[in-house]
Amino acid sequence: MGYSMMGGFLAPELKYAGYDKVIFRGKSPNLVYLWINNDKVEIRDASHLRGKGAVETAELIKQELKDPKIQVAAIGLAGENRVYMASIEQGRSSASRLGLGAVMGDKGLKAIAVRGTKDVNLARPAEFMQLCNEVLQYIKVRAPNLIPEVMPILAGLGSPQEMAHVDEKWHNRKFHVGKRPHPEKRVLDQGNRREVEGESGDRAEAAHQLLQLPMKCGAIISAPDFPPT
């Protein structure tokens, strides 16, 4: 059993298509990809994508289906060959933990392509917007004030809080430079923060908040003699 995560817009696109999750059982005898277009769901041949990288696969599928707005999660050669550390790539995001790309490869699943154009209807949109704004206000206060006397990855806010049940210390401090530089620093992504003034009952506006990421979930790593990455 594996647990992995990725960013990007595949999940919101899936929600806009009308689905909360996709479950794959068994495996295909041939290489295929899944195409979800709102209520229309197809398993399509992917033999022409064999040996293609994940990024190239995504672009080829968008061209094939004639829609650049399609969100695609795909595997490359590593996944096809069941390499244990194979990832699943989607946009600029990656599900890299525990080699789940190898699971897709073993199932003969090259990619998952999704296009959703439905509305997301919230039962209480005004209340949802209010809660979003409360979280944003909390971030303003909490982000610059780290919890003392705990390991840096748990002292701030962000995705590490979702992984408190896993020892993530190696992930942030065991780089080839010995440890992550300045692990005590936390950066709030001002560009991604989006506040909504007043209380709005507009369902589209509330649903749009589902796509917003109020905190930065990346880090810049600097190594001697190399540019920052």
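Up top is the structure.
Conventions we followed
Residues numbered from 1 in each chain as written. Predicted model: local features only at pLDDT ≥ 70, side-chain atom pairs only at ≥ 80, totals over all residues. Heavy atoms only, no water. Helix = DSSP H or I, 4+ residues; strand = E, 2+ residues; numbered from the N terminus. Buried < 20%, exposed > 50% of the residue type's maximum accessible area, 1.4 Å probe, protein only. Contact = heavy atoms within 4.5 Å. Patch = residues over 30% accessible without salt bridge, like charges linked within 9 Å, V, L, I, M, F, W, Y side chains within 5 Å. Areas by Shrake-Rupley, 256 points an atom, 1.4 Å probe, with all protein chains shown as cover. Salt bridge = Lys/Arg side-chain N within 4 Å of Asp/Glu carboxyl O. Expected span 1.5 Å × (residues − 1). Arc of directions from axis to C-beta.

### Quick notes on the overall build of the chain
The helix and strand inventory of the chain stands at 8 helices and 6 strands. Ordered by position from the N terminus, the helices and strands of the chain form the series α-β-β-α-β-α-β-β-α-β-α-α-α-α. Among the 229 residues that make up the chain, the fraction classed as buried is 35%. Of the contacts made within the chain by residues no fewer than 6 positions apart, 60% connect residues no fewer than 24 positions apart.

### Section: unusual backbone geometry
In this model, N38 sits at a positive phi of 55°, which is unusual for a non-glycine residue. Among the structural elements, N38 can be located in the loop between β1 (32–37) and β2 (40–45). Residue class for N38 comes out buried when judged on its relative accessible area of 15%. Non-glycine residue K66 carries a positive phi angle of around 60°. Among the secondary structure elements, K66 is positioned in the loop between α2 (54–65) and β3 (71–74).

### Some thoughts on a nonpolar patch on the surface
Together, Y3, M5 and L98 give the surface a local cluster of nonpolar side chains, amounting to about 290 Å² of exposed area. Assignment of secondary structure puts M5 in the segment before α1 (10–16).

### Details of helix α5 (residues 125–142)
Compared with the 26 Å implied by 1.5 Å per residue over 18 residues, the 25 Å span of α5 between its first and last C-alpha is a close match. What α5 keeps buried is the set P125, M129, C132, N133, L136, I139 and R142.

### So, the pattern of salt bridges
Pairs can form between side chains of opposite charge once their charged atoms are near each other. On inspection of all chains with the given rule, the structure shows 13 salt bridges. Measuring nitrogen to oxygen at the nearest pair gives 3.2 Å for the salt bridge that ties E42 to R44. In this structure E42 comes out as partly exposed when scored by relative accessible area, which is 22%. The exposure class assigned to R44 is partly exposed, which follows from its relative accessible area of 24%. Because the salt bridges share partners, they merge into one network encompassing K40, E42, R44 and E64.

### Topic: the environment of V32
Summarising the element assignment, V32 is placed in strand β1. Taking relative accessible area as the criterion, V32 reaches 14% and is therefore assigned buried. Put simply, V32 and I43 are 11 residues apart on the chain and 6.5 Å apart in space, counted from C-alpha to C-alpha.

### Details of α2
Here α2 is 12 residues long and its end C-alpha atoms lie 17 Å apart, about the 16 Å a rise of 1.5 Å per residue gives. Among the residues of α2, A54, T57, A58, I61 and L65 are the ones counted as buried. Down the axis, α2 shows its buried residues gathered within 100° of arc, on one side only. In α2, the exposed residues that point more than 90 degrees away from the buried face are V55 and Q63.

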